[in-house]
Number of protein chains: 4
Amino acid sequence: MIIQLEKDLSSDKKKGIIEKVNSLKYKTTEVKTQKGDYIIGIGKSDFDIREVGQMPGIEDIHIVSDDNKLVSRKWKVKPTTIDLGDGVTIEEGSMAIMAGPCSIEGEEQIEKTIAHLKANNIKIMRGGVYKPRSSPYSFRGLGIEGLKTWYKLAREAGIKIITEVMQVSQIEEMYDYVDIYQVGARNTQNFNLLDELGKVDKPVLIKRGISGTIDELLGSAEYVFSAGNENLMLCERGIRTYERASRNTMDINAIAILKEKSHLPVIADPSHGIGLRDHVEPVALACVMAGADGIIYEAHELPDEAWSDGQQTLNFRQSEKLIDKIRKVFELRESL
Amino acid sequence: MIIQLEKDLSSDKKKGIIEKVNSLKYKTTEVKTQKGDYIIGIGKSDFDIREVGQMPGIEDIHIVSDDNKLVSRKWKVKPTTIDLGDGVTIEEGSMAIMAGPCSIEGEEQIEKTIAHLKANNIKIMRGGVYKPRSSPYSFRGLGIEGLKTWYKLAREAGIKIITEVMQVSQIEEMYDYVDIYQVGARNTQNFNLLDELGKVDKPVLIKRGISGTIDELLGSAEYVFSAGNENLMLCERGIRTYERASRNTMDINAIAILKEKSHLPVIADPSHGIGLRDHVEPVALACVMAGADGIIYEAHELPDEAWSDGQQTLNFRQSEKLIDKIRKVFELRESL
Amino acid sequence: MIIQLEKDLSSDKKKGIIEKVNSLKYKTTEVKTQKGDYIIGIGKSDFDIREVGQMPGIEDIHIVSDDNKLVSRKWKVKPTTIDLGDGVTIEEGSMAIMAGPCSIEGEEQIEKTIAHLKANNIKIMRGGVYKPRSSPYSFRGLGIEGLKTWYKLAREAGIKIITEVMQVSQIEEMYDYVDIYQVGARNTQNFNLLDELGKVDKPVLIKRGISGTIDELLGSAEYVFSAGNENLMLCERGIRTYERASRNTMDINAIAILKEKSHLPVIADPSHGIGLRDHVEPVALACVMAGADGIIYEAHELPDEAWSDGQQTLNFRQSEKLIDKIRKVFELRESL
Amino acid sequence: MIIQLEKDLSSDKKKGIIEKVNSLKYKTTEVKTQKGDYIIGIGKSDFDIREVGQMPGIEDIHIVSDDNKLVSRKWKVKPTTIDLGDGVTIEEGSMAIMAGPCSIEGEEQIEKTIAHLKANNIKIMRGGVYKPRSSPYSFRGLGIEGLKTWYKLAREAGIKIITEVMQVSQIEEMYDYVDIYQVGARNTQNFNLLDELGKVDKPVLIKRGISGTIDELLGSAEYVFSAGNENLMLCERGIRTYERASRNTMDINAIAILKEKSHLPVIADPSHGIGLRDHVEPVALACVMAGADGIIYEAHELPDEAWSDGQQTLNFRQSEKLIDKIRKVFELRESL
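What comes next is a walk through the structure. The structure presented is a predicted model; accordingly, all values stated were derived computationally and were not measured.

### A short note on the relation of the copies chain A and chain B
Link 1 in the chain: Mapping chain A onto chain B is achieved by rotating through 180° and translating by 0.0 Å along the same axis, at an RMSD of 0.0 Å. The superposition operator between the copies reduces to a two-fold rotation axis. No C-alpha of chain A approaches the rotation axis more nearly than that of A286 of chain A, which lies at 2.0 Å.
Link 2 in the chain: By residue overlap, the copies meet face to face through one surface: 100% of the interface positions of chain A are interface positions in chain B.

Encoded structure:
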């Protein structure tokens, strides 16, 4: 059960509610986010919801059978809007496009990418400054200095930044220079990182684990939410299967299922989902039609010279065509 | 290499060509289909293509590096059209819709389904009379008598029939009553069945194996083609993965990849691909956007009373809406 | 429920029993094998087992909750013994070893293999004369003539034959020349083949599907049993996963689970299970320790010249060492 | 390539070697561990190994084609020994057994477990004080206070401790109270954690990722090694597949392959590998036979009352029998 508390509830009243819930054999967790105060009750026994609901200090109470409660659509019918400021939002009913290189490589590359985005009216740029690499000898990103350069150029251009955070100690360091923290597929179940991101007042996009289940992705979001941060997005980026013709298997089903189960925006990453440049477009458009609220993909002026992920990166001409098509497909979807 | 021979080539000339190819250390296989005569050469050594190409009796010669040669787009740029007669075709550039119940249950059910299809201008009806079931105690289908009833009603209504063939002995028995033989996911690598279907002059739709690779699906089509039957379609129907929130994982990537690799029409089956009635629509529309040439799905007047697969079957109202949306999405796709 | 009937029960009495079971809302299937007569009841309602059990003509009655009833250990505590004649048996408590090439290649190869087996006191030779190949252009086996040659040489040497049957029409053709029919991993759910093998009075070994579940393997065995043939073995041969360092992932868990769930002998195939010659030995020994009743593996005088599967085939020296170790490990296992 | 440097090499000489290697178009990384100094060269061009090998200051040079070089057996034929002090070692040729509960629950539980271990001459106790849980509302472990209590009791009894570290900030906190840091399956690719563990002078056991490949596991070990810590163990604990009859699929192949590829000890975790108490024993014994250097499993006085993982935890009587059998199987393995 989720109990939404009135604002600034006295600790006495809160204590009374907790005791009441505990008396029903429900374990309680107090959750305080930037948007509200909640008590989460975990248990199985039947009880009369009015017994609790009528207590003073309670704004609303919801019985949510899902394991992951706060991110469930069952209690929060109104979908979550992510507000990045300056009129940039990510939400159901609009189509967010985020594009940019796999790795941030330097000033010139950033400038060219920004110019490309502005020419196509894209407001959010993706890029990595901390890169998780399976070999310790690979390029691991430009780090915080790269981020600062990027931030300066992006702010001047009115572009928002989404980039991956890999560990707790980076959260604070990056804070002034990011608009969205991205949790990568290898960190989806890095629970300490999730806990700490719950304490931040900036949006977080969580990628599905490399072979994570849909329920695990929701559980990871529940971590961040219950630690205090409601500004969350879920990202389907393909899963690991036996098939070798593509880098991953884009789980189109997951987009439809996540949209039904959760009130959080669902973003699709077709670049990692298929891993083959020539097929990013049809997969991206399929994701839009399956119900995604946004698309994040890799674009670079010269993909074959990109420092990483070149094989799945679009050049600017391909990117421009994709943006146009995404918008047309989204328009049709909304009209159906 | 694929050598297309002139029609009615003398056996002497053919023998000469084969000897020439063998002398280049290529193993040869003669292929005779309803549409043409071919020699397939399998080998690795380099040679001057003109050496062979200039021999008398050769219409054309193609170097095809793919393992599966006859089904490859590398030699046959013009995509394959399946002609079912009466103006019904399945091909790139149009959108084939095939709908109907999982199992054929009897006359009344067939009539109602046909009425639904005709009301929506759908020309092809799916349904099973031989059902592969993992338990020997489950309903295994109405068999040939069910097919005959179905055929009679369908012919009167101008509706074409696609249905699964499970074993060699059924091919002839079913011949007069089917328009498309379907090879099910459990039989994708039933090579004897594929060989025999190669000798038939009716179209064949091959479903991807339960955990078959894209290359294995192409290999299965190569079996049928090389045994004589070019009237082939490939069908993506979801693969088995660790994810349990859906029945299968619809491999949207496979649609894009199959369209690139092969000249054969690619059909998508969203009903099996996700296995959840409420999500068949978004997955179907995603498949259209990914490039599918057709959609096959399960529809029934009363899905909850269907003898099998009810949980993934649309009712007629849902089916009608889906048909309308498929057509609109396809129209947009073609215009992009 | 499984009802074991008395021998030569009158059809009247049998009819009475069936009516009684149906009246309890259980669907019935009559099963007649070479060893006994059964009625299988499928249903869910509770009833007093004595109501049925006391009826005349019933030898025993068992409530079996498993989906696959006849192959379940829950009713048949005594494990199944496969008797191949001449004192050769496969059963719990002994260790059956079956070895030989992937493909039968000709007289000389057969003779050398037989000599190797006899020198090591191995009684069962494996080998393929019908080969399922993913490409139609690959070698598909020597066929029935190869089998006849093999049979002649094997009989002279007192060696039993296990070989794959790929389709219904081969069953009769092969009948006089095989001791065990093998159902390959691509045919585990070829239900028509399973049905027909149920009518034969020779043992059948069923390989787990390429990505078949344990329950599906038991379901396939239930097909053969319920169609009349109790002489069955199950074979774990590795499953398809995302891991690419080995050909398949040997599911050692499956051996333990199958032994618990079923009364049928469980055979392990380490050659396909890992697919790497150098590691066949440790995997084979692990399978013995996990509880396998037999090991089937590939051996060839000159693996690098084998017509198929050379990379996972042991030479005779390696094979000899493996046999010795299998026996020692089995001896220890039985003593623990 | 791996260049082993002489101890206390002057920075001038080292610089000369690096310049030489760079001139061959190899990228260099300097590695300094507790045991030695190395230069790792990553590149592809051919060169005469003597050109480099004869330079002053070089102890040895090895061409290692594997991606993961320092953990490869190709340069370090002598396998790695982990020395825990007090005569407790983990290494090829002996059998390390580590047992204990999933979660540390309190003093009494620790004492009973220690008594059980001592009675069976087991020197290493496992247990979790930081528990990665997919739901934020689940018990997350007793934390550092639980570890301190455990440490006090274990030291008195002469028992070594292995326990999971989940984040960088815990490394120092835990340092005085652990003998082996365990990296869990959800953190196998938490590269920052791996980097930091490279700076510690205590052994690290790395579990394979939930669906990690064998190469990724070696890559994770390469991270720790190249950051300075050679005291590493690899742990196979089952992978995620489609099979639902067991919690994971124990990859017995991986044990054989890891032993071939790496000089590091390989530990098997049958508890997580199958996840079913009744089958932990056969899987454990199979892992010994496949070549594991140690077994880690879950044991608890009253598994059904354990705070976590009870369904896969042995009681002490089962544990005692398993220990005895592991030793007998290991003894046989070494004698073969």
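Alright, that's what it looks like, and here's the rest.
### Here's the deal with the packing of helix α10 (residues 280–290) of chain A against helix α11 (residues 316–335) of chain A
Residue and element names in this part refer to chain A.
Link 1 in the chain: With their axes 9 Å apart at the nearest point, α10 and α11 run at an angle of 25° to one another. One finds that α10 runs roughly parallel with respect to α11. In the crossing of α10 with α11, the sense of the turn from one axis to the other is right-handed. Where α10 abuts α11, its residues V280, E281, A284, L285, V288 and M289 lie against L322, K325, I326, V329, F330, L332 and R333.

### Observations concerning the relation of the copies chain B and chain D
Link 1 in the chain: Overlaying chain B on chain D yields an RMSD of 0.0 Å, the required transformation being a rotation through 180° with an accompanying axial translation of 0.0 Å.
Link 2 in the chain: Most of the interface of chain B is mirrored in chain D: 100% of its interface residues are interface residues there too.

### Section: the interface of chain A and chain B
Interface extent is often summarised as the accessible area lost during association of the parts.
Link 1 in the chain: Every contact between the two is made by 37 residues of chain A and, on the other side, 37 residues of chain B.
Link 2 in the chain: Carbon and sulfur atoms make up 71% of the area that chain A and chain B hide from each other, which totals about 2,900 Å².
Link 3 in the chain: Considering only the surface of chain A that becomes buried against chain B, Y242, N253 and L336 of chain A emerge as the three largest contributors, covering 21% of it.
Link 4 in the chain: For R208 of chain B, the salt bridge is made with E243 of chain A, and the minimal N-O distance between the two is 2.7 Å.
Link 5 in the chain: Where chain A packs against chain B, one counts 16 residue pairs in polar contact (both at pLDDT 80 or more).
Link 6 in the chain: Those elements that place two or more of their residues in the side of chain A that touches chain B are α8 (252–261), α9 (270–274), α10 and α11 of chain A.
Link 7 in the chain: The biggest single contributor to the side of chain A that touches chain B is α10 of chain A, with six residues.
Link 8 in the chain: Taken together, the residues that form the side of chain A that touches chain B break down as 20 nonpolar, ten polar and seven charged.

### Some details on the interface of chain B and chain D
Link 1 in the chain: Facing five residues of chain B, the contacting portion of chain D comprises five residues.
Link 2 in the chain: Carbon and sulfur atoms supply 56% of the area buried between chain B and chain D, which totals about 470 Å² over both sides.
Link 3 in the chain: Contact with chain D buries area across many residues of chain B, yet R240, Y242 and R244 of chain B alone supply 86% of it, more than any other trio.
Link 4 in the chain: Applying the counting rule to chain B against chain D returns zero salt bridges.
Link 5 in the chain: On inspection of chain B and its partner chain D, the count reaches zero residue pairs in polar contact (both at pLDDT 80 or more).

The rules behind each value
Residues numbered from 1 in each chain as written. Chains lettered and ligands numbered in written order. Predicted model: local features only at pLDDT ≥ 70, side-chain atom pairs only at ≥ 80, totals over all residues. Heavy atoms only, no water. Least-squares fit on C-alpha atoms with pLDDT ≥ 70 in both. Contact = heavy atoms within 4.5 Å. Axes fitted to C-alpha atoms, helices over the stretch in contact; angles between N-to-C directions. Helix = DSSP H or I, 4+ residues; strand = E, 2+ residues; numbered from the N terminus. Parallel < 35°, antiparallel > 145°, perpendicular 65-115°, else oblique. Left-handed = near helix turned anticlockwise from the far one by under 90°. Buried area = accessible area lost by both parts, 1.4 Å probe. Salt bridge = Lys/Arg side-chain N within 4 Å of Asp/Glu carboxyl O. Polar contact = N/O pair within 3.5 Å; in protein donor to acceptor, adjacent residues only side chain to side chain. Nonpolar A, V, L, I, M, F, W, Y, C, P; charged D, E, K, R; others polar.

Function cannot be inferred from these measures alone, as they are strictly geometric.
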